[in-house]
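# A look at the structure
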Amino acid sequence: MNTLRERLPSLPLCWSRFSPALAGRHRSMRFPACLLLVQALAGCGVGTSEPSSEVRPPPPPPTPPTAAMIEHGHFRGTAALGDATYHADALLTADGEFRLYVGGLLDSPPGGMGFVGELFNPEESAQFSGQLEIDGEQGSGDGLVIGEVCAAPGVGRFCDESASAEVSISGMSNDGLAGEVRITTGEGEEIWLLDLAAWSAYYELNAHPASPSGTYQEELAQFAQAGDVIISIDDAGRLFFQAAASGCTGNGALSPHLNGEFYVFDVDLIIENCDASHKFLNNEYSGLATETQNSYWDYDDWLLIFVSTPVGIESPAAITMYANRL
């Protein structure tokens, strides 16, 4: 081991600061001063050839983002199933009703875009309907998933029968929602991972209307083809449409949900007279509706309706309607 003198070659200078004449007078002063210097240099490891044994603790992990309170409203984003990502639209009411449309395989995240391309002609799509309990930053509940592209045999999942599902969501800092839908199928469990952003300004700004009256051109529902369906809603909320290609006719009514504080409506609908390939749609439906803009940059007006058949019927059906105001 190196001696202290070897480690501190400047040590003699410390003693030489005091002349022999002052040695007796300042003997009590020089030793403490030098000792302090020795201790300071030794503590700093000056001149040592031995590696430091000091182990620095790892930096603390990053603080996870604080979860936000769950806000009700209209949401748009994605639902991931394994390696596939699908378009998703959802409506969550103040009293916990939750409707979710999943359909249209995406090659990339949608960003601020609207419904384009394959989103209007999905090879498969489905709708969840259920009730959620919201507790601040968390929400959970259950319901049913029903297939929507069911006109052709063997096309679309969840067409033969509905599937039970459980939903868990949490609020995000941008007023969006994240979570998952766990679906029990005959082949096992299927999980949709949700990433939804708060979308429509209409939900909060257009309060207390009697109905979203006007005429709309339907673009998404399976009974419509090439824009052949015009939906009419009068001031009293009465709804009517007739589809030239599928033969389906619809009669129904929209009324403000709860006290009408937010721009969401309860929907009752009867569909009749559908042709053979669409006859599974002949039934009674109920659900929710709102209005929205197609993309962040559009100042347009679209009617969004989620409806499904009553729980427990033999042949369940669900319809998501997306219609452009004319």
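The sections below set out a description of the structure shown in this document. (Residues numbered from 1 in each chain as written. Predicted model: local features only at pLDDT ≥ 70, side-chain atom pairs only at ≥ 80, totals over all residues. Heavy atoms only, no water.)

Moving on, we come to the sheet that holds strand E7 (residues 177–185). Strand order in the closed barrel made by the eight strands is E1-E2-E3-E4-E5-E6-E7-E8, with antiparallel pairing throughout. Between one strand axis and the next, the sheet turns by 25° as a mean value, whatever way the strands run. (Pairing = 2+ DSSP bridges. Helix = DSSP H or I, 4+ residues; strand = E, 2+ residues; numbered from the N terminus. Axes fitted to C-alpha atoms, helices over the stretch in contact; angles between N-to-C directions.)

Right, let's get into the pattern of salt bridges. Evaluation of the coordinates by the stated rule reveals eight salt bridges. A salt bridge links Glu189 to Arg182, with the shortest nitrogen-to-oxygen separation between them at 2.7 Å. Under the relative-accessibility criterion, Glu189 is labelled exposed at 52%. Accessibility expressed as a relative area gives 31% for Arg182, which makes it partly exposed. In this structure, Asp301 engages Arg325 in a salt bridge whose closest nitrogen and oxygen atoms are separated by 2.8 Å. Here the residue Asp301 occupies a position in the loop between strand E14 (283–292) and strand E15 (302–308), and Arg325 occupies one in strand E16 (residues 318–325), the gap between them amounting to 24 residues. On the basis of relative accessibility, which here comes to 29%, the residue Arg325 falls in the partly exposed class. A cluster of three or more residues bridged by salt bridges with shared partners is formed by Glu124, Arg157 and Glu190. (Salt bridge = Lys/Arg side-chain N within 4 Å of Asp/Glu carboxyl O. Buried < 20%, exposed > 50% of the residue type's maximum accessible area, 1.4 Å probe, protein only.)

Overall, the coordinates contain two disulfides when judged by the stated rule. The partner cysteine of Cys150 in its disulfide is Cys159, sulfur to sulfur 1.9 Å. The sign of the S-S torsion, about -80°, decides the handedness of the disulfide formed by Cys150 and Cys159: left-handed. Here Cys150 falls in the buried class, since its relative accessible area comes to 16%. Note that Cys248 is cross-linked by a disulfide to Cys274, the S-S spacing being 2.0 Å. Where Cys248 bonds to Cys274 through sulfur, the torsion about that S-S bond is close to 125°, and the disulfide is right-handed. Pair noted here: Cys248 is in the loop between strand E11 (238–242) and strand E12 (249–256) and Cys274 is in the loop between strand E13 (265–272) and E14, with a separation of 26 residues, a long-range link. Both residues of the pair, Cys248 and Cys274, count as buried. (Disulfide = S-S within 2.5 Å.)

On to the layout of surface pockets, then. Estimates place the volume of the largest pocket at around 410 Å³. As for the largest pocket, its lining consists of 22 residues, and the residues nearest its centre are Phe120, Leu220, Ala221, Gln222 and Ala224. (1 Å grid on protein atoms, 1.4 Å probe; cavity = no way out; pocket = protein on both sides within 12 Å on 5 of 7 lines; lining within 4 Å. Points joined across faces, edges and corners; volume = space filled by probe spheres on them.)

Spatial strand order, E9-E10-E11-E12-E13-E14-E15-E16: eight strands in a closed barrel with antiparallel pairing. Recorded for the sheet is a direction-independent mean angle of 30° between the axes of neighbouring strands. As defined by bridge partners, E12 adjoins E13 across eight bridges and the pair is classed as antiparallel. The residue bridging Ala253 from the neighbouring strand is Asp268, located in E13.

Examined bridge by bridge, E11 and E12 share five bridges and lie antiparallel to one another. From the neighbouring strand, Gln242 faces E12, where its bridge partner is Thr249.

The next point concerns unusual backbone geometry. One can expect most non-glycine residues to show negative phi and most peptide bonds to be in trans. Despite not being glycine, Phe158 has its phi angle at roughly 60°, a positive value. If you check the backbone angles, Asp175 has positive phi at about 70° while not being a glycine. Within the secondary structure, Asp175 sits in the loop between strand E6 (163–171) and E7. Among the residues examined, Asp175 registers a relative accessible area of 42% and is labelled partly exposed.

Take empty space enclosed by the protein next. According to the stated counting rule, one finds one cavity of 30 Å³ or more in the structure shown. Here the largest cavity is characterised by a volume of approximately 60 Å³. Around the largest cavity sit Tyr86, Val102, Gly103, Glu124, Ser125, Ala126, Arg157, Phe158 and Trp192, which together line it. Those elements that provide at least two residues to the lining of the largest cavity are strand E3 (97–105) and strand E4 (125–135). For the lining of the largest cavity, a count of residues per class yields five nonpolar, two polar and two charged. (Nonpolar A, V, L, I, M, F, W, Y, C, P; charged D, E, K, R; others polar.)

Within this structure, the stated rule accounts for five aromatic pairs. When the centroid spacing of 5.4 Å and the interplanar angle of 15° are considered together, the rings of Tyr203 and Phe262 count as stacked. On the criterion of sequence distance, the pair formed by Tyr203 in helix H4 (residues 202–205) and Phe262 in the loop between E12 and E13 is long-range, its members being 59 residues apart. Assessed through its relative accessible area of 2%, Tyr203 is described here as buried. Their ring planes at 5° and their centres at 4.6 Å tell us that Phe223 and Phe241 sit as a pair that is stacked. Residue Phe223 is located in the loop between strand E9 (214–218) and strand E10 (230–233), and its partner Phe241 is located in strand E11; the two are separated by 18 residues in the primary sequence. The buried category is assigned to Phe223, whose relative accessible area is 0%. Its guanidinium or amino end placed over the ring of Trp199, Arg76 lies 4.4 Å from that ring's centre, counting from NZ or CZ. (Phe/Tyr/Trp six-rings, centres within 6.5 Å; stacked < 30°, edge-to-face > 60°. Lys NZ or Arg CZ within 6 Å of the ring centre and 35° of its normal.)

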